[in-house]
Amino acid sequence: MTALMWFRRDLRVSDNRALYQATAAGGGVVAVALITPLQWQKQNESPAKLSFWLACLQELAGRLAELGIKLHVEEVPDNADIPEFMQQFARARKCDALYFNREYEYYEQQRDETVKRVMQAQKIRTFDFADRLLIEPGRLLTGSGGYYTVFTPFKKSWLGLLSRADLEPLPLPAPVAAALPTPELPVAEISSRLGLPGWPSDLWPAGETAAQKRLAEFAGGALETYHELRDLPAVDGTSRLSPWLACGAISPRQCLAVVIRDNKKLPAAGSGGEAWLNELVWRDFYTHVVVGFPRVSRSQPFQKKTAGLQWRYDECDLKAWQSGLTGYPIVDAAMRQLKQTGWMHNRLRMVAAMFLSKHLLIDWRLGEKYFMQNLLDGDLAANNGGWQWSASTGTDAVPYFRIFNPFTQSQRFDADGGFIRRYCPELEPVSAVALHDPKKLAAEIAKKKISYPAPVVDHKLARERALAAFKNL
DNA sequence: CAGTGATTAAC
DNA sequence: TTAATCACT
């Protein structure tokens, strides 16, 4: 009796529900992870993220070996080829059961349904588990039985289920066989063949051990002031756990355990813990939205009436935004942070996304795609949810038209300009007041002969143009 | 009269 | 969340 454990976005040994059950079944366990270059390309997976994932796989292989489980890394061009591959792989290794953790996006659900059907036709049983979120899609519905579309009532209902939900991290699985030697995965070979950048990075060392270390660091440090410092991009005030969460090197239950300790007691109102818990709930929320409204993962707006919006398709403005040359310091610093590090501070994701979709009136889907192609933590649900929120095509419930003033945002969240200057070094000689004031900025740039672009668009005009475009719907 | 703080409308 | 407006210094 051998169980086949299929790793996807759950690259860890600890608190992995499918792996735990596979090891508890009483037989041997074989593990597999798939390299799917064509599928990755279709889904705009970023090279940095794939490189990070491969490095995580290398660590995972070592930890599995300690449990007597061999991890096979196999290449299959795209999702359509997976069912046939899995079936042959399982038969070749005499596996009689397939274990995996559920994924919720449209294409992933289709893939998994087909795999289940094909395996069951071969008399191979399949077991799939709720692992990726704190509370599974479908378990939280409105009074009329639909999916929530507004965060606040979703959260209320989420908290209501908290005491009944099974959210304790699992103990480490017991070894199923004698420890194996740590396998050498062809990571470097795959990486160079796919043209991926190298790893490691100091900010995001790969693997679940590093993820646990970062969580402990955050829990004992920035968590306490999270509510006060999380919006300041110059400060290391966030958890920075997103790359590990995205590939499952850490589980949301392990994160939750840091804020909900004894008897599932909620963190105090107004505390850092409460603010961070909110972000974990947002993560659930956007994945629930993707399941409840599958059109959002198929390039459709959540708000159907915005489907006809006349976006500008201005290649030049799009390029300026992508390369951090819009003439709006906070936007440019944000976009350069993304390009240079594969990560962007959450506050700035909102600022940058709103600038593209409102100021430049460029289709949010182009921004969504660019983020996916560059982010280390790219996650369809969170990225799509964030973009649609920024573009006002999503679930945002405010009664007014949301459009950030980039200068007001930088004044509030980067008052001394420390973050802007870090990523836009040419603005080093510019005074802090000028960084948040277009007129003074233009004057200082002229006077000090600094090479920095003039704003691609005037804020007031852009604002009016966006308002008019949405009014026309 | 320029600058600032409080209030409110936007849907 | 922003910006316009009004009261006030």
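See above for the structure.
The following refers to the structure shown. Note that the structure is predicted; figures quoted are calculated from it, not measured.

What counts and how
Residues numbered from 1 in each chain as written. Chains lettered and ligands numbered in written order. Predicted model: local features only at pLDDT ≥ 70, side-chain atom pairs only at ≥ 80, totals over all residues. Heavy atoms only, no water. Near = heavy atom within 4 Å. Polar contact = N/O pair within 3.5 Å; in protein donor to acceptor, adjacent residues only side chain to side chain. Helix = DSSP H or I, 4+ residues; strand = E, 2+ residues; numbered from the N terminus. Buried < 20%, exposed > 50% of the residue type's maximum accessible area, 1.4 Å probe, protein only. Phe/Tyr/Trp six-rings, centres within 6.5 Å; stacked < 30°, edge-to-face > 60°.

Digging into the protein's contact with DNA strand C
All residues in the neighbourhood of DNA strand C are listed as Tyr400, Arg402, Ile403, Phe404, Asn405, Gln409, Arg412, His459, Lys460 and Arg463. Among all atoms of DNA strand C positioned within 4 Å of the protein, those belonging to sugar or phosphate total 67%. With respect to DNA strand C, the side chain of Asn405 contributes an N or O atom lying 3.0 Å from a phosphate oxygen. Between DNA strand C and the protein, one listed contact pairs a phosphate oxygen with a side-chain N or O atom of His459 at 2.5 Å. Elements that contribute at least two residues to the surface near DNA strand C include exactly α18 (406-413) and α22 (459-471).

Quick look at unusual backbone geometry
Positioned with a positive phi, Asn44 is a non-glycine residue whose angle comes to about 60°. In this fold, Asn44 is placed in the loop between α2 (37-42) and α3 (47-66). Phi is positive for Leu361, which is not a glycine, with a value near 50°. By the element assignment, Leu361 lies in the loop between α15 (346-359) and α16 (364-374). On the basis of relative accessible area, Leu361 is assigned to the buried category, the value being 4%.

Focus on the protein's contact with DNA strand B
Inspection of the region around DNA strand B gives Pro399, Tyr400 and Lys471 as its neighbouring residues. For DNA strand B, the backbone makes up 31% of the atoms found within 4 Å of the protein, where backbone means sugar plus phosphate. A distance of 2.7 Å separates a sugar or linking oxygen of DNA strand B from a polar atom in the backbone of Pro399.

Description of the packing of aromatic side chains
The geometry of an aromatic ring pair comes down to the distance between the two centres and the angle between the two planes. Enumeration according to the criterion identifies 27 aromatic pairs in this entry. Measuring from centroid to centroid gives 6.2 Å for Trp389 and Phe404, while their planes differ by 70°, and the two rings are edge-to-face. Placement of the pair is Trp389 in helix α17 (residues 380-390) and Phe404 in the loop between α17 and α18, with a sequence separation of 15 residues. Of the residues examined, Trp389 reaches a relative accessible area of 12% and is grouped as buried. On the basis of relative accessibility, which here comes to 11%, the residue Phe404 falls in the buried class. On the numbers, 5.2 Å between centres and 45° between planes, the contact of Phe419 with Tyr423 is tilted. In this pair, Phe419 and Tyr423 are both assigned in helix α19 (residues 418-423), 4 residues apart and thus about one turn of the helix distant. The exposure class assigned to Phe419 is buried, which follows from its relative accessible area of 0%.

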